[in-house]
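Fold and geometry: a report
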Amino acid sequence: MKYISILLLGLFFIIGCGDNGKNNPAEGKEGQNEYSFDSTALKTETLDNPNQAFYLRYKFKTGEKVRYRVTSIMNNRQHIEADTVMDQNVKQTAVYLIDIDPVEVDAESVAELKLTIKSIKVNASANEESFSFETGTSKDSSEIVKFAEYAALTNNSFSIRLSKSGEILEIFKVDKIVNQYLKIKGYADSLNAENKVVVRNQIITTGLKPILSQVFRELPEKKVAKDSTWSFVQPTSRILIFQMEATTVYKITNLEKYEDNVVAVFDASLITKVEGQTKYTDRGINYTFKKPITTAAGKVYFNVESGLILKSKTDVNISMANTMEMDSPKGKIKGSQSENQKITYIVEKI
């Protein structure tokens, strides 16, 4: 079975939350457990004045590099009924180690950041078949081709322009990633310029943005305090035959202290609106779809003084189902399919 890459499953309404539990999917170089992620909530302390007002701002400074560990966890379950019954269960955990090097911060506090994904560790299973891949260590060419989207991202730096409120204004200098991906897949000399632009846009949209959206959250321009709320409307996305509008809503739950730093803790929720016809016909097959159900909830820890996310965790659940019917010489053939998917992102400043 073709397993599902989390890079192709990123949603643009990413939010964050805290939870409990630790996982150690792999040891890092020199036994330092670089890939060991921690999903527990930060152990913060009570602040003397938790009701004070403050601004949420990113505050990158040139010369001060930052490293993040971003973990994506996907669990996808499918149940299919046709002439036979089939259940599929796909799990995948991918851990990214990302270095951020501030190149320039202009007078408007817009930062140009050089980002390098130093390494990625992937563990996946599809039913009873397991996969494992670590960029930079595998010498098996067939494995590298299979995990090309990860191999191309690693150690090929790219740049972004980021506003002080966390808006990603531009993603650029991704040519090395694109060229490496085409080289691994064997398309380097066969695609024209127009097709290469398509590949470039896909890499940015499905490979980079879902990860970047975890580290850089859009923050409010106004001053906030405990119980303050703000929201952002996300770009309309397509799920099956439906169009989905999503709005992320944030709320400050507390102002706390962590290692002598003031930390804003804010929860997030998701409001979605799904539109579109439920019936669809393709090549003689009549489909009836149920509108997808999407839920999400979360928590983010933001260091107010340094202007960086310290930790966050994302949980997004999607449920989809459809039935199908077609005519055949032996009569009508009917079938059904249901799918439940959970995607989790954990972000840690390390």
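Just so you know, these numbers come straight off a predicted model, no measurement behind them.

1. So, helix 3 (residues 175-185)
All buried positions along helix 3 are accounted for by Ile177, Val178, Leu182 and Ile184. Taken end-on, helix 3 shows its buried residues confined to a sector of 160°, consistent with a single buried face. With respect to the buried face of helix 3, the exposed residues turned more than 90 degrees away are Lys176 and Lys183. Contact partners of the buried residues in helix 3: helix 1 (141-146), helix 2 (148-153), strand 8 (158-162) and helix 4 (193-215).

2. Let's talk about helix 4
Each α-helix turn comprises 3.6 residues. Residues three or four places apart therefore point the same way. If you check helix 4, its first and last C-alpha atoms are 31 Å apart, about what 23 residues at 1.5 Å a residue would give, namely 33 Å. The largest bend along helix 4 measures about 45° and falls at leucine 208, with the proline proline 210 one to four residues further on. At the N-terminal end of helix 4, a side-chain oxygen is found 3.2 Å from the backbone nitrogen of glutamate 194, two or three residues along, and the residue is asparagine 192.

3. Regarding the packing of helix 3 against helix 4
Following both chains from N to C, one finds helix 3 and helix 4 inclined at 105°, their axes separated by 10 Å at the closest point. Between helix 3 and helix 4, the interaxial angle falls into the category roughly perpendicular. Residues Asp175, Ile177, Val178, Tyr181 and Leu182 of helix 3 touch helix 4, and the partners they reach there are Lys196, Val199, Arg200, Ile203 and Leu208. Classifying every residue of the contact of helix 3 with helix 4 gives seven nonpolar, no polar and three charged.

4. A word on the confidence of the model for the chain
For the chain, per-residue confidence averages 89 on the pLDDT scale, and residues scoring 70 or more make up 91% of the total. Within the chain, the element-level pLDDT minimum falls on strand 1 (residues 22-23), averaging 40, and the maximum on strand 8, averaging 98. Scored below 50 in pLDDT, residues 1-31 shows 122 contacts in the model against residues more than four places distant or in partner chains.

5. A word on a positive patch on the surface
On the surface, Lys65, Lys114, Lys118, Lys173 and Lys176 cluster together into a patch of positive charge. Its location among the elements puts lysine 65 in the loop between strand 3 (45-46) and strand 4 (66-81).

6. Quick word on empty space enclosed by the protein
Enumeration according to the criterion identifies two cavities of 30 Å³ or more in this entry. Quantified by volume, the second largest cavity comes out at close to 40 Å³. Contributing elements (two or more residues each) for the lining of the second largest cavity: strand 6 (111-126) and helix 4. Element by element, the count of residues in the lining of the second largest cavity is highest for helix 4, at four residues.

7. Notes on the environment of threonine 206
Locating threonine 206 in the fold gives a position in helix 4. Residues threonine 206 and glutamate 149, spaced 57 residues apart in sequence, show a C-alpha to C-alpha distance of 10.0 Å. Only 2.6 Å separates the side chain of threonine 206 from the backbone oxygen of glutamine 202, close enough to count as a polar contact.

8. Brief notes about the pattern of salt bridges
Enumeration according to the criterion identifies 16 salt bridges in this entry. Note that aspartate 282 and arginine 283 form a salt bridge whose closest N and O atoms lie 3.5 Å from each other. Overall, the relative accessible area of 26% leaves aspartate 282 in the partly exposed class. With a shortest N-O distance of 3.9 Å, aspartate 315 and lysine 342 are connected by a salt bridge.

9. Looking at the pairing of strand 12 (residues 242-258)
Note: strand 3 against strand 12, two bridges, orientation antiparallel. Bridging across to strand 12, threonine 46 finds its partner in glutamate 256. Here five bridges tie strand 10 (residues 229-233) to strand 12, and the two strands are oriented antiparallel to one another. Bridged to valine 233 within strand 12 is threonine 247. Bridging between strand 11 (residues 237-239) and strand 12 involves three bridges; their strand directions are antiparallel.

Definitions and cut-offs
- Residues numbered from 1 in each chain as written.
- Predicted model: local features only at pLDDT ≥ 70, side-chain atom pairs only at ≥ 80, totals over all residues.
- Heavy atoms only, no water.
- Buried < 20%, exposed > 50% of the residue type's maximum accessible area, 1.4 Å probe, protein only.
- Helix = DSSP H or I, 4+ residues; strand = E, 2+ residues; numbered from the N terminus.
- Arc of directions from axis to C-beta.
- Contact = heavy atoms within 4.5 Å.
- Expected span 1.5 Å × (residues − 1).
- Bend = angle between axes of the 7 residues up to and from the residue.
- Polar contact = N/O pair within 3.5 Å; in protein donor to acceptor, adjacent residues only side chain to side chain.
- Axes fitted to C-alpha atoms, helices over the stretch in contact; angles between N-to-C directions.
- Parallel < 35°, antiparallel > 145°, perpendicular 65-115°, else oblique.
- Nonpolar A, V, L, I, M, F, W, Y, C, P; charged D, E, K, R; others polar.
- pLDDT = per-residue confidence, 0-100.
- Patch = residues over 30% accessible without salt bridge, like charges linked within 9 Å, V, L, I, M, F, W, Y side chains within 5 Å.
- Areas by Shrake-Rupley, 256 points an atom, 1.4 Å probe, with all protein chains shown as cover.
- Salt bridge = Lys/Arg side-chain N within 4 Å of Asp/Glu carboxyl O.
- Lys, Arg positive; Asp, Glu negative; His and termini not counted.
- Charge placed at Lys NZ, Arg CZ, Asp CG, Glu CD.
- 1 Å grid on protein atoms, 1.4 Å probe; cavity = no way out; pocket = protein on both sides within 12 Å on 5 of 7 lines; lining within 4 Å.
- Points joined across faces, edges and corners; volume = space filled by probe spheres on them.
- Pairing = 2+ DSSP bridges.

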